[in-house]
Amino acid sequence: MAAGDQYVQGARVWIPDCVEVWRVAEITRDYKEGDTVLHLCLEDGSALAYPIEFQLPPLCNPDCLSDADDLVALSYLHEPAVLHSLRRRFLEANAIYTYCGIILVAINPYKPLPIYEEEVIYAYSGHEMGDMDPHIFALAEEAYKQMVRFGKNQSLIISGESGAGKTVSAKYAMRYFTTVGGCLGDSSMEEKVLASSPVMEAFGNARTTRNDNSSRFGKYIKIGFSQACVTGATIKTYLLEKSRVTFQAKAERNYHIFYQLCASATLPELQGLGLHGAESFHYTCQGQCTAPQSTTDAADLDSTRHAFSLLGVPEADQLELFNILAAILHLGNIVVRGRDRRGDGCFVEPADEALGLFCALLGIEASQVMHWLCHRKLVTAGETYLKPLSRQQALNSRDALAKHMYGQVFRWMVSRVNCALRSLEGHHTSIGILDIYGFEMFELNSFEQFCINYANEKLQQLFNLHVFKLEQEEYVTEEIPWVFVDFCDNQPCIELIEGRLGILDLLNEECKMPQGSDGSWAQKLYQIHLGSSHFQKPKRPTDAFVVCHFAGKVEYQCDGFVEKNRDAVPEELVGLLRASKSTLLTEIFLEEGDGPVSLQSRRSSGPRMAGRPSRRSLPSSQKSKRSISSQFKVSLNKLMEMLSSTTSHYIRCIKPNDGKQPFVFDSRRAVEQLRACGVLETIRISASGYPSRWTYQEFLERYRALVSREELMGTQEKQICSLALERLLQDPSKYQCGKNKVFFRAGQVAYLEDLRYRRLRAACTLLQRHLRGWLARRRFGRTRAAAVCLQRHARGMLARRFTRMLRRTRAAVVLQKTLRMVLARRSYLRMHQAVITIQAFARGMFARRLYQQMVRHQKAVVIQAAVRGWLARTRYAHLRRTVIYLQCCYRRVQACRELRRLRVEARSVEHYKQLHKGMEIKVIQLQCRLDEQAQEKQRLVEQLLQLNAAHAEEVQRLQAEMQRLREDAAHDIQVQQLQERLAELERHSMKSCLGQEVEELRQHLAEVEAMKVQLGEERDALIQRISEQSQDLEEQHQRAARESQGLLQELEEERARYQSLVQEYTRLEQGYENLRDEVAFHRQSTLRRSPSSESFLGSESSYLSSMSTAPSRDGSDQQAEASGDAGGGLEERWQPVPEGLHPQPSSVGQDPFEKAYLLLLGQLNAANEELARTREELRRTKAPMEQEERKPLDFLKRRHIAEMLGLGRSPEKVDDDLKHAYDAELAQKLEKQERTTLKLQKQLRIYVEQIQELTGKREAIGPAQELAASAMVLSQSQAMLAWRMEDEGRIIKAVITDYKPQRSPGMLPDLPAYILFLCFRHADHCCDELRARSLLDAAINAIKRVMKKHSDDFDMVALWLANTCRLLNCLHQYSQDKSYCQGNTVRQNKHRLQNVDPQSSCRSLGALAVQLYQQLIRTAEKHLKPMIVAAMLESEPIQGLSSSCPPGHHRSSAAPAHTLPELLQQLGSFRAVLDRHGLAPSVGHQALRQLLFLISGTTLNYLLLRKDTCSWSRGIQLRYNISQLEQWLRAEGLHQSGAREVLEPLVQAAQLLQVKKVTEEDAAALCSLCTVLSPQQVVKILRAYTPAVGLEERISPSFISSVEKQLQDQYGGRPSQLLVDTSHLFPVHLPFVASPLHLDELRIPDALDLAFLVPL
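Residues numbered from 1 in each chain as written. Predicted model: local features only at pLDDT ≥ 70, side-chain atom pairs only at ≥ 80, totals over all residues. Heavy atoms only, no water.

Asker: Requested: an account of the overall build of the chain, with residues and values cited.
Answerer: Looking only at helices and strands, the chain features 48 helices and 25 strands. At a minimum sequence separation of 6, the contacts of the chain that also span at least 24 residues come to 73%. If you sum the accessible surface of the chain, you get close to 86400 Å²; carbon and sulfur atoms cover 55% of it. (Helix = DSSP H or I, 4+ residues; strand = E, 2+ residues; numbered from the N terminus. Contact = heavy atoms within 4.5 Å. Areas by Shrake-Rupley, 256 points an atom, 1.4 Å probe, with all protein chains shown as cover.)

Asker: Please set out the sheet that holds strand β22 (residues 735-737) residue by residue, giving values where relevant.
Answerer: The three strands are arranged β21-β23-β22 in an open sheet whose pairing can be described as antiparallel. Edge positions in the open sheet fall to β21 (692-695) and β22, since each of these has one partner strand only. Neighbour to neighbour, the strand axes of the sheet diverge by 20° on average, direction disregarded. Bridge count for β22 against strand β23 (residues 741-744) is three bridges, and the pairing is antiparallel. Bridging across to β23, Gln 736 finds its partner in Phe 743. (Pairing = 2+ DSSP bridges. Axes fitted to C-alpha atoms, helices over the stretch in contact; angles between N-to-C directions.)

Asker: Residues and numbers for the nonpolar core, please.
Answerer: Ranked by internal contacts, the top residues of the largest apolar core, which has 342 residues, are Phe 177, Phe 203, Leu 325 and Phe 545. Setting aside chain neighbours within four positions, we find Leu 325 in contact with Phe 203, Ile 257, Phe 258, Leu 261, Tyr 406 and Val 409. Ala 11, Val 13, Ala 25 and Leu 40 belong to the second largest nonpolar core, which has 15 residues in total. (Core = buried A, V, L, I, M, F, W, Y, C linked by side-chain atoms within 4.5 Å. Buried < 20%, exposed > 50% of the residue type's maximum accessible area, 1.4 Å probe, protein only.)

Asker: So what about the confidence of the model for the chain? Which residues, and what values?
Answerer: Confidence along the chain averages 78 in pLDDT terms, with 78% of residues attaining 70 or more. Least confident of the elements in the chain is helix α19 (residues 600-603), whose mean pLDDT is 31; most confident is helix α8 (residues 315-332), at 92. Here residues 593-624 is modelled with pLDDT under 50, and outside its nearest four sequence neighbours on either side it reaches 52 contacts, counting other chains as well. Segment residues 1188-1215 is flagged for pLDDT under 50; beyond a separation of four residues in sequence, or across chains, it makes 29 contacts in the model. (pLDDT = per-residue confidence, 0-100.)

Asker: Describe helix α4 (residues 166-181), with residues and values.
Answerer: The terminal C-alpha atoms of α4, which comprises 16 residues, lie 22 Å apart, in line with the 22 Å expected from a rise of 1.5 Å per residue. In terms of burial, α4 is largely enclosed, as 12 of its 16 residues are buried. Two residues or fewer past α4, Gly 182 is found with a positive phi of approximately 70°. (Expected span 1.5 Å × (residues − 1).)

Asker: Account for the sheet that holds strand β5 (residues 97-100), naming residues and giving values.
Answerer: Strand order in the open sheet formed by seven strands is β5-β6-β20-β7-β16-β10-β11, and the pairing between neighbours is mixed. Unpaired on one side and paired on the other, β5 and β11 (229-238) mark the two borders of the sheet. Sheet twist, expressed as the mean angle between neighbouring strand axes with direction ignored, is 20°. Bridging between β5 and strand β6 (residues 103-107) involves four bridges; their strand directions are antiparallel. Within β6, the residue paired with Tyr 97 across the bridge is Ala 106.

Asker: I'd love a proper account of the environment of Arg 339, names of residues and values included.
Answerer: With respect to the element layout, Arg 339 can be found in the loop between β12 (336-338) and β13 (346-348). Since its relative accessible area comes to 56%, Arg 339 is described here as exposed. On a C-alpha basis, the gap between Arg 339 and Ser 390 in space is 8.8 Å, while along the polypeptide they are 51 residues apart. Contacts of Arg 339, omitting those with residues within four sequence positions, involve Gly 345, Cys 346 and Phe 347.

Asker: How would you explain the pattern of salt bridges if you had to name every residue and give the values?
Answerer: A full pass over the atoms with the stated rule returns 42 salt bridges. Close ionic contact of Glu 269 with Arg 305 constitutes a salt bridge, the shortest N to O distance being 2.7 Å. Of this pair, Glu 269 sits in the loop between α6 (256-263) and α7 (294-310) while Arg 305 sits in helix α7; the two residues are 36 residues apart in sequence, bridging distant segments of the chain. Note on Arg 305: relative accessible area 11%, which makes it buried. The salt bridge involving Glu 315 is made with Arg 305; its shortest N-O contact spans 2.2 Å. In this pair, Glu 315 is assigned in helix α8 and Arg 305 in helix α7, connecting sequence segments 10 residues apart. (Salt bridge = Lys/Arg side-chain N within 4 Å of Asp/Glu carboxyl O.)

Asker: Before we move on, can you summarise the side chain of Asp 518 with the specific residues and values?
Answerer: On the secondary structure map, Asp 518 appears in helix α15 (residues 518-529). Comment: no salt bridge for buried Asp 518; closest opposite-charge side chain is Arg 566, at 7.8 Å. Other than its neighbours up to four places away in sequence, Asp 518 contacts Cys 558, Asp 559, Gly 560, Phe 561 and Val 562. (Lys, Arg positive; Asp, Glu negative; His and termini not counted.)

Asker: Break down the packing of aromatic side chains for me, citing the residues and quoting the values.
Answerer: Per the counting criterion, the structure on display carries 30 aromatic pairs. Taking 5.2 Å as the distance between ring centres and 35° as the angle between the ring planes, the aromatic pair formed by Phe 1317 and Tyr 1374 counts as tilted. Here Phe 1317 is found in helix α37 (residues 1311-1325), whereas its partner Tyr 1374 is found in the loop between α39 (1354-1373) and α40 (1386-1389), with 57 residues between them in sequence. Taking relative accessible area as the criterion, Tyr 1374 reaches 0% and is therefore assigned buried. An angle of 70° between the planes, with centres 5.1 Å apart, marks the rings of Phe 1493 and Phe 1626 as edge-to-face. Of this pair, Phe 1493 sits in helix α43 (residues 1481-1505) while Phe 1626 sits in the loop between α48 (1597-1611) and β25 (1654-1655), and the two are 133 residues apart along the sequence. With respect to class, Phe 1493 is no different from Phe 1626; both count as buried. Three or more aromatic residues link up through ring pairs in this structure, and these residues are Tyr 116, Phe 137, Tyr 144, Tyr 172, Tyr 176, Phe 177 and Phe 225. Its guanidinium or amino end placed over the ring of Tyr 259, Arg 253 lies 4.0 Å from that ring's centre, counting from NZ or CZ. The ring of Phe 1652 has Arg 1290 lying over it, and the distance from NZ or CZ to the ring centre is 4.0 Å. (Phe/Tyr/Trp six-rings, centres within 6.5 Å; stacked < 30°, edge-to-face > 60°. Lys NZ or Arg CZ within 6 Å of the ring centre and 35° of its normal.)

Asker: Give me the packing of helix α41 (residues 1399-1434) against α43: which residues, what numbers.
Answerer: Relative placement of two packed helices is described by the angle separating their axes and the distance separating the axes. Where α41 contacts α43, the axes come no closer than 9 Å and their chain directions differ by 40°. Taken together, the axes of α41 and α43 lie oblique to each other. Crossing angle aside, the handedness with which α41 passes α43 is right-handed. Counted together, Tyr 1413, Ile 1417, Ala 1420, Glu 1421, Leu 1424, Lys 1425, Ile 1428, Val 1429, Met 1432 and Leu 1433 of α41 and Val 1483, Gln 1486, Ala 1487, Gln 1490, Leu 1491, Leu 1494, Ile 1495, Thr 1498, Thr 1499, Tyr 1502 and Leu 1503 of α43 form the full contact between these two elements. (Parallel < 35°, antiparallel > 145°, perpendicular 65-115°, else oblique. Left-handed = near helix turned anticlockwise from the far one by under 90°.)

Asker: So what about the pairing of β6? Which residues, and what values?
Answerer: The element β6 is extensively covered by neighbouring structure, given that five of its five residues are classed as buried. Every second residue of β6 is oriented toward a common face, with Ile 103, Val 105 and Ile 107 on one face and Leu 104 and Ala 106 on the other, all of them buried. Here β5 folds back onto β6 in antiparallel fashion, the turn holding two residues, of which Gly 101 has a positive phi close to 70°. The pairing of β6 with strand β20 (residues 647-654) spans five bridges and is parallel. Following the sheet pairing, Ala 106 is matched in β20 by Cys 653.

Asker: Go over the packing of helix α44 (residues 1512-1531) against helix α45 (residues 1544-1554) with me, naming the residues and quoting the values.
Answerer: At a closest axis distance of 8 Å, the pairing of α44 and α45 adopts a crossing angle of 150°. Compared by their axis directions, α44 and α45 come out roughly antiparallel. Along this stretch, α44 crosses α45, giving a crossing that reads as left-handed. Along its contact with α44, which presents Trp 1512, Gly 1515, Ile 1516, Leu 1518, Arg 1519, Ile 1522 and Glu 1526, the element α45 presents Leu 1546, Val 1547, Ala 1550, Gln 1551, Leu 1553 and Gln 1554. Here the residues of the contact of α44 with α45 are counted per class, giving eight nonpolar, three polar and two charged. (Nonpolar A, V, L, I, M, F, W, Y, C, P; charged D, E, K, R; others polar.)

Asker: Kindly report on a negative patch on the surface, identifying the contributing residues and their values.
Answerer: A surface patch of negative charge is lined by Glu 1028, Asp 1032, Glu 1034 and Glu 1035. With respect to the secondary-structure elements, Glu 1035 resides in helix α29 (residues 972-1083). (Patch = residues over 30% accessible without salt bridge, like charges linked within 9 Å, V, L, I, M, F, W, Y side chains within 5 Å. Charge placed at Lys NZ, Arg CZ, Asp CG, Glu CD.)

Asker: Describe α45, naming the residues involved and giving the relevant values.
Answerer: Counting buried positions along α45 yields eight of 11 residues, so the element is predominantly enclosed. For α45, every residue scored as buried is listed here: Pro 1545, Leu 1546, Val 1547, Gln 1548, Ala 1549, Ala 1550, Leu 1552 and Leu 1553. Where α45 is buried, its residues touch α41, α43, α44, α46 (1560-1569) and α47 (1575-1584).

Asker: Would you mind going over a positive patch on the surface in detail, with residue names and values included?
Answerer: Taken together, Arg 800, Arg 801, Arg 804, Arg 807 and Arg 808 make up a surface patch of like positive charges. Within the secondary structure, Arg 801 is located in helix α26 (residues 748-906). Judged by relative accessible area, which is 45%, Arg 801 ranks as partly exposed.

Asker: Which residues make up the pairing of strand β1 (residues 12-17), and what are the values?
Answerer: Strand direction decides the pairing type here: β1 and strand β2 (residues 21-27), joined by six bridges, are antiparallel. If you follow Ile 15 over to β2, its bridge partner there is Arg 23. Two successive antiparallel strands, β1 and β2, enclose a turn made up of three residues.

Asker: Describe the side chain of His 549, with residues and values.
Answerer: Position of His 549 among the secondary structure elements: in strand β18 (residues 544-549). Within the local environment of His 549, its side chain forms a polar contact with the side chain of Glu 457, the two groups lying 2.8 Å apart. Setting aside residues no more than four positions away along its own chain, His 549 makes contact with Phe 439, Asn 453, Glu 457, Cys 493, Ile 497, Val 554 and Tyr 556. (Polar contact = N/O pair within 3.5 Å; in protein donor to acceptor, adjacent residues only side chain to side chain.)

Laid out in structure tokens, this is it:
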């Protein structure tokens, strides 16, 4: 096929453009050989006649290839295709990484992206380079994998312009290696390696116009590995830009460390440095950009100092280093003044503040500095004399000293970093990261740019050779005939620079000349190299030259080359610094390998000094001093040798725009960098051969539609592909068939894609034609059948209609006949009825008239009788009303009297008692008082009777005397007086007695009235109080319900924090084990721990596990409080064992790692105590709430009783009864509580006496009689195993360490738990709490050791998790806590624990159970992780969809390692193991829910990281796999366990891949669909979505922007993450499950070798 045949109508080509570099145009007329113009149509619709001068414009690739992960996979390999692919991936898919053969192209997004988390690192770890989307982690994993597999050193070469992201890429690569490789020996090596970055950035990075954090030096970081683990690192630096210390261009800054010090000048430790704002120093204010970042600079200094501390630099050395840096700043502020206008001399003021600070900080003499800043010592043949310097020369000398000082500080800093990163054991292999400056081409290019471009020339040469070598190896491996490809070899350019009499050679020679200058050097260059093809002289008459580099022509200004290459420093000033009082400064300058170069050779007055032998008097350092270019050339050659000995991996960083705007692509700037970094050269080399390479399987899967039936008859894939290509391409030079792959020339894949598209289009057309014919025939058949059916129904309808007409005619005749007859008969009958009606009405009228006359007469008679009767009744009624009124008046008077009498009675006590029956007690009191008053009244009556009797006697006596006096006539007057006196006495006595009685009665009545009023007020208050209390109780009930919900939520959070603490404890314990192994590794001897340390460790674990998931009961706290002083000795038994009881390890000879372990344990204990206090506060908060919840029930209960007892009583009486009943109930409870307290105190005293007696007996009898004594105590007990303390190790060994359930297949899976509990019951029966706790602590430690040994055995972990839960449930079930004993039988209640409190043991076992559950999940994850991606994403249960994967995407041709049935089988085996070991179903449900969360999260993460999986066909496959998982859950009965919900994100992701994604309605529906996925995940899937070629349209960027905006509005700006944290563990809840087994029915098999245990 000729090249011109592809330029047909409809084809698209690239044409040059001055703005976008390249733009797309469509051919409107077929091109024919010999045409001079090509007729095109631009994107805006305008026509263009493109002239064809030398070659046709490049063709565009198909859309399916334009976003390929690897640019080499493009069918047409040229500059516009590469540029378009990068721009499309960067702007539409936000993909910043793209492969280009062996190069990883990284475009700086200028925006933080969530693709560097630790989950992403582990996602790329272990995968091949083409399995995942392009990423720097993929390239780092490839280097790491090759190093581990082949044991060969690797290197990552990162290059690019300033601001392209080289430093960040290097940091991410270092982070990947330290994370994946881990550390061996020194656990802090990873932190040290990462801490080197902020230190190097502070001293070597600065702000430029192109980058805020530009590296002004090159570095090569060599990370050492031993056994695939990081052991250390080494940093080598190249060409530090020292000129930046003394000069910065506008909008640029000095090195970061100076601004960090100035921003932190107010710190106490830095106040003595004399620092101020950066704008006050000459060396930091020239760029005029110091203020905006002051806050960030202060924070960066803290990071720098922290990094220094991690690297082992003491605080004193740091402060001394800051002194030197501050001295450099003050050196720049020293003012040098000229002595006269001619400038022959200069001086420095002695009172110069900057000079004083400089000398004070460095500890040198100010007078010496003043003298040697302004003078130079010249040595001639026979004498030495001083030469004064001009002001400009003195300023140059000052700046040279500052640059030299900073260079030495930087060198010392690098050496200290290397010392900290150096490993004592060394390393076997290494991975180097070269972060070096890219090709630079500015308006003014000087010595630095020349050295940088020289280094890039060398690297480009190495790169070209490497690419050429890889291409050749590929062809040789596939046995393809290799034809030498002429690539751009830059060896002539390198020879021009570094060859004999080259640019550097001439520069060094010029530096040796006493009067060497830039102008003379430039003239030498013109004379020697002007005829070279890579050297040119600019047209302008300036001292400059042009070098034709591989990336373009660069013009260099010769000004400053000689001075910068010499790098001369005044020897006298350097000598002053070496004699400084600062030890660090002395150390820095003593470490200098090359002595300073004196300026005398170029400052002397005559050229005669250059060749005289008297130069032997010059310092030897000058003779050995090498120029900067020579040093750089040597170091560069060493670097090239090092890189050549390693396997190189290239990262080219691209700066998309100069404005640092996120996701803005400037095509012109990108093309310049692509040309400079060698990407286009790689494309050119690949395009010259066979760039497109497909395996035979991939080719058949993709282009099976182009293969004929005869060709498919072949037996081998290679044969089929060869026959098909021979027919399709016809030209054998366009392709080559290798051993495993088929190779295509550029453009052939696009041609095959076009053929495939046409074939599929023709097939679709054929299918549509046949389908439309079949549909038309089916439609005609249905229409014909419908017409016949309609005709049949129409004819039948017409026949039925005619028949109906005949029937209606005959019926009409019959109806007419009948109707006429009916009408005639009706007329006759109507007339007959009218005559009869008239007669009847006439006769009735006459009869009614006669009747009315008789009625009127009768009514007149009745009226007369009624009127007469009414008159008589009226008179009678009037008379009756009068009599009744009189009676009413009289009765009203009587009623008023009766009312007053009743009112008086109503005020009496008896009536009040009848009305207020509810007040019995007070009424009884009143009754008692009334009785007392009645008695008093009776007593007064008796006194009155006595007085009356006495009075009567007196009257009788007086009467007798009067009688006697009457007889005596002389006594008449006396008798009269006596009678008057008697009458007076009678009146006085009667009046006084009656008045006193009435007064007392009035007082009593007043008191009764007052009491009545008071009782009424109390009744009203009580009623109001009851109503208020009822309202308060309702509010409290609602508040209690809300608080109970909050407490439940806090309990869940507390459980999650507790389990995280348990996990942290496990990590710390593992850290202790690592420390102990590390001690053994260093000292080559095993650390022997005494039994005391073992018990100490056990106590620590017991103390940790004191945080149980179940809160403690209040009963034990009440008993402990009620025991008082009598039970004080026993209260200690109910507390955790004090740390003082454990023998502490001896501090003598204690290892520092052991101290570190104890320190970690102390920190953990503090965390445990804090958690315990939190739980206690929660329990105390919950107790009052429970009481408040019980109050409404008690109130209703009392109210119900009161209603039953007070039936028929008044409300006041009922309320009073309730009050007194409540008081009585409280009094009864208080009395009962006191009796219980006394009883418990007595019981505690008995227990104390029994313990003392038992302790005395044990001390008296020997060890041989101990078991018999125990048996005697246990004679009344059942279901326990008697054992001695020395048997503890044998029990643990038989039941845990050596336990194998396979010995007795029929025994219980949780038999060890029952055996341990039976032994615990024996210790409880013996009141030996220490022995019981020791047994459980030993069991816990033994289980931990077994789990550490069998950490990867899922069966073993499940076994001991089930046994731990069973032992924990037994301790709960047989404890004294009644809440756990409700389901026990009578026999089980007899076996309850009596003496030992198992709460602390339950907490320890609860913590152990949580650890075992977490280890169970981790073990299952290890088995599942290798299967998830292959089973969920790579397996294809629905065949025929894989061919829809577009070309250019890396996809493994091998079959998936695992399938979905294997994954389901593994899940089923996990569930079977959990069921076999008798684990609670809820625990199994939680475990499977966690595992399904792992499956869902891992699958979703890989879906987000692999572009080839984001397609419609993959969505169908994924949805089918999810349905299989859901079906398995339903079959296993787990659909209600919450496992289905964790699959919802994956379900929505699969649906997202299948829904329509075109219109705004689709965007709204998509947002409503994705309720679980985060906005970042949805946008990432949409950007990575790959449409089916010819079937779907590409998702437009506007649609993605619309979806992103709607999702942000929907989520409200909440933070979201891209990847799922698969390491997250849901809080586990271990339920209480009572054992149905009776302990006395337990049988222990003989295979366990437990004959020494005596069953009782």
